[in-house]
Protein chains: 2
Amino acid sequence: MANISDVARISKVSVGTVSNVFNNPEKVKPETRERVCRVIEELNFHPNLSARNLSRLKTDTIALIFPFSKRKRIEHYYSDLLAGITEICFQMNFKLLLSSCPPNIDEKEELLIYKKMIESRAVDGIILTVSKYNDERINLLIDTKQKFVVFGRSNLPLEFPWVDIDGKYGISEAVRYLSSLGHTRIGYIGTPNILMFSKDRLEGYKYGLKRCNIDFNPDFILEASVDGDEVEKGENGVIRLLSHNSPPKAIIVSGSQLALGVIKGINKFGYSVGRDISLICFDDAEWNVHFNPPITSISQPVYEAGKLVSRILIKQIKGIECQDSNVLLKPDLIIRESCKNLN
Amino acid sequence: MANISDVARISKVSVGTVSNVFNNPEKVKPETRERVCRVIEELNFHPNLSARNLSRLKTDTIALIFPFSKRKRIEHYYSDLLAGITEICFQMNFKLLLSSCPPNIDEKEELLIYKKMIESRAVDGIILTVSKYNDERINLLIDTKQKFVVFGRSNLPLEFPWVDIDGKYGISEAVRYLSSLGHTRIGYIGTPNILMFSKDRLEGYKYGLKRCNIDFNPDFILEASVDGDEVEKGENGVIRLLSHNSPPKAIIVSGSQLALGVIKGINKFGYSVGRDISLICFDDAEWNVHFNPPITSISQPVYEAGKLVSRILIKQIKGIECQDSNVLLKPDLIIRESCKNLN
DNA sequence: CTTGTTTTTTGAACCGCTTCAATACTTTAA
DNA sequence: TTAAAGTATTGAAGCGGTTCAAAAAACAAG
């Protein structure tokens, strides 16, 4: 396979000129350029990326690390994100290195994976997803001066680029909608407290109640544990909520997997979604619209977030000033038929 | 940032020895090794991957190229596959380069993307997915001597490693099951004919009928077109089938997106799945079990295929003899409640 | 035909590692 | 004590590009 000096030799120029033909074509005289190009064509020469990466000390590659799924498939959250990221990478001519790590991995081990990636300089930037409370990974990335963007916010008092979805807004709008239908007994089933977005959403729930002058009842909320099957947790959770002596009549559930369980639980309890229990699901999974009744959902613009996140990161890598490197996206309440009008 | 010669200088050995500490630790005397390791630790040295890749002329990286989704998310088929692939990559210490390309891209342009990837030697191997009839990509990969594995078989008379799911078996089992419930009027809604797996499944349908002594009725089959929304195609398709003057009483649908439309269409037609129309879906999407009634499905071991495909590819790259580089996986018929027993 | 200016091209240094023949050092056996 | 064999280390030559100061060539003006 031909290399750059073959091309140089045959086209009777220096390697520097061949290199310029690729990287600074305007610097080489048209006639020379054409001659070199012919030889490039003839030899079917293509610059070796590893060599290029080495000498430029950059890779035009970004990385995304996500946890293995327990369900032998990528969470659809990542799936949407990936769709956005790969699209931008394609546009901007960047590559995406995808890594995954075992679920429920030891936090220290997870950090090691990040460290390894940073230190080997395999990528120019990293996309961090699902920020946690006191997320050590963010500290690591800042300490090592690695370029990165976070999908999610942080409680740490640090400046860094992030994109997030306004869960507080989303949930509070759901509460407002339920309240407008006459609901006051509104339950909430949330995700584990250690994830930043859980806090945000729970806050939205409380804020939403307050705004609608509904008293907060701690018996009406439930936070799923970190481990275990999401569907099961949803099922058990909702059954617990419904077993109260004066149970909620509406439930907002944070996450589509949990929601699957919640629906199952509601049916198991002998109730029917939309008639006996109103339901809103944060995160509009593909199937929500196809259920009977179709589930009123809060749709997260994860795909857009993926595009943003990668665009911001690549800009940062290229040294392009980015005016908005902190973006909060609004989710959408999509009203379908799972909530009963009590008025 | 420290490099290998810094380490060599400070620990008073040659760069070769430092390199050996990493790559052939058994070749260096324990005392020396320890001394070098201390310096490595001190300087927080980590070999630069680009340099390593360049001098070894390999990257320990494989690539997967998949089409953008029209639905702003990765098809769950790829999602399962990715889960398997990334898991093996993690285990085998390989990296995965993920690329996507616009949907319905010109075939020539698609080939260019593959060419670019091959010629830049950015990866050591490529995973090709969803083989097509007369798939040019396979020719390209063979011609360029690129290492690769295909998820799917080919009609081309070529030898190459592949993993596939036995669609013929899956569909014919579905037919057999329906027949055992007393069904004889069995329709089939398939995916576009250009995809290899479509042919396979259709064959399964015909074979299944024959085996059960059911006459093949061309009016009962429908092949979805290449473009357009899958759900819509399913909906329109099933309505067309049901509008016949003696319509099928059972339908096998090839693909979960199509199935969503089929269910919608059945309901729209005023029929009810499991009562008026029996339904089997090839591909057990996450939601199938949660529908009412739960959909009897043929579950594809895509996650396992992902593991296999990457394992085979990596072995090939490493030059490890692989006894079984052509694997046909059997899908599973999961009986739920969408088929009526006519007996 | 000079001289000065601008445009092109050169070629060596560099990026940071791996590899391997050659050398140096140890150990063993006679 | 020494030669032979075995073990450990060296260092230079790759790998295949990019970069940039310096040289060369081309052009313009006097």
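Now for a quick tour of the structure. Not measured: the values here are computed from a predicted model.

Moving on, we get to empty space enclosed by the protein. Counted under the stated rule, the structure contains three cavities of 30 Å³ or more. Volume-wise, the largest cavity comes out at about 250 Å³. Around the largest cavity, the lining is made up of 18 residues, and of these A:Asn53, A:Ala122, B:Asn53, B:Thr61 and B:Ala122 lie nearest the centre. Its boundaries defined by the atoms lining it, the second largest cavity holds a volume of some 120 Å³. Along the wall of the second largest cavity there are 13 residues; nearest its centre are A:His76, A:Glu286, B:His76, B:Glu286 and B:Trp287. Where the lining of the second largest cavity is concerned, the elements lending two or more residues are helix H5 (76–92) of chain A together with helix H5 (76–92) of chain B. Split into classes, the residues belonging to the lining of the second largest cavity amount to five nonpolar, four polar and four charged.

It is worth spelling out the packing of aromatic side chains at this point. All names here are of chain B. With the rule as written, the count across this model stands at 18 aromatic pairs over all chains. Pairing Phe66 with Tyr78 gives two aromatic rings, centres 5.5 Å apart and planes at 35°, and the pair type is tilted. On the criterion of sequence distance, the pair formed by Phe66 in strand E1 (residues 61–67) and Tyr78 in helix H5 is long-range, its members being 12 residues apart. Tyr78 matches Phe66 in its accessibility class, with the two residues each being buried. Geometry around Trp162 places Arg153 over its ring, the cationic atom sitting 5.8 Å from the centre. For the cation-ring pair, Lys330 lies above Tyr169, with the distance from its terminal atom to the ring centre recorded as 4.4 Å.

So, about the interface of chain B and chain A. Interfaces are often described in size by the accessible area the parts lose on coming together. Of the residues lining the interface, 50 residues belong to chain B; the matching set on chain A comes to 50 residues. For the pair chain B and chain A, the two sides together bury roughly 4700 Å², of which 60% comes from carbon and sulfur. Counting every contact that joins chain B to chain A gives four salt bridges. Among the salt bridges present, the one from A:Asp80 reaches B:Arg73, with a minimum N-O distance of 2.7 Å. Joining chain B to chain A, the criterion identifies 18 residue pairs in polar contact (both at pLDDT 80 or more). When contributions to the side of chain B that touches chain A are tallied by element, the ones reaching two or more residues are helix H4 (49–56), H5, strand E2 (95–101), helix H6 (107–119), helix H11 (256–268) and helix H12 (302–318) of chain B. Take the side of chain B that touches chain A: its biggest share by element is eight residues, from H5(B). The residue makeup of the side of chain B that touches chain A, split by class, is 24 nonpolar, 14 polar and 12 charged. Across three bridges, the pairing between strand E2 (residues 95–101) of chain A and E2(B) is antiparallel. For A:Leu98, the partnering residue across the bridge sits in E2(B) and is B:Leu96.

Here is what the cut-offs are and how they apply
- Residues numbered from 1 in each chain as written.
- Chains lettered and ligands numbered in written order.
- Predicted model: local features only at pLDDT ≥ 70, side-chain atom pairs only at ≥ 80, totals over all residues.
- Heavy atoms only, no water.
- 1 Å grid on protein atoms, 1.4 Å probe; cavity = no way out; pocket = protein on both sides within 12 Å on 5 of 7 lines; lining within 4 Å.
- Points joined across faces, edges and corners; volume = space filled by probe spheres on them.
- Helix = DSSP H or I, 4+ residues; strand = E, 2+ residues; numbered from the N terminus.
- Nonpolar A, V, L, I, M, F, W, Y, C, P; charged D, E, K, R; others polar.
- Phe/Tyr/Trp six-rings, centres within 6.5 Å; stacked < 30°, edge-to-face > 60°.
- Buried < 20%, exposed > 50% of the residue type's maximum accessible area, 1.4 Å probe, protein only.
- Lys NZ or Arg CZ within 6 Å of the ring centre and 35° of its normal.
- Contact = heavy atoms within 4.5 Å.
- Buried area = accessible area lost by both parts, 1.4 Å probe.
- Salt bridge = Lys/Arg side-chain N within 4 Å of Asp/Glu carboxyl O.
- Polar contact = N/O pair within 3.5 Å; in protein donor to acceptor, adjacent residues only side chain to side chain.
- Pairing = 2+ DSSP bridges.

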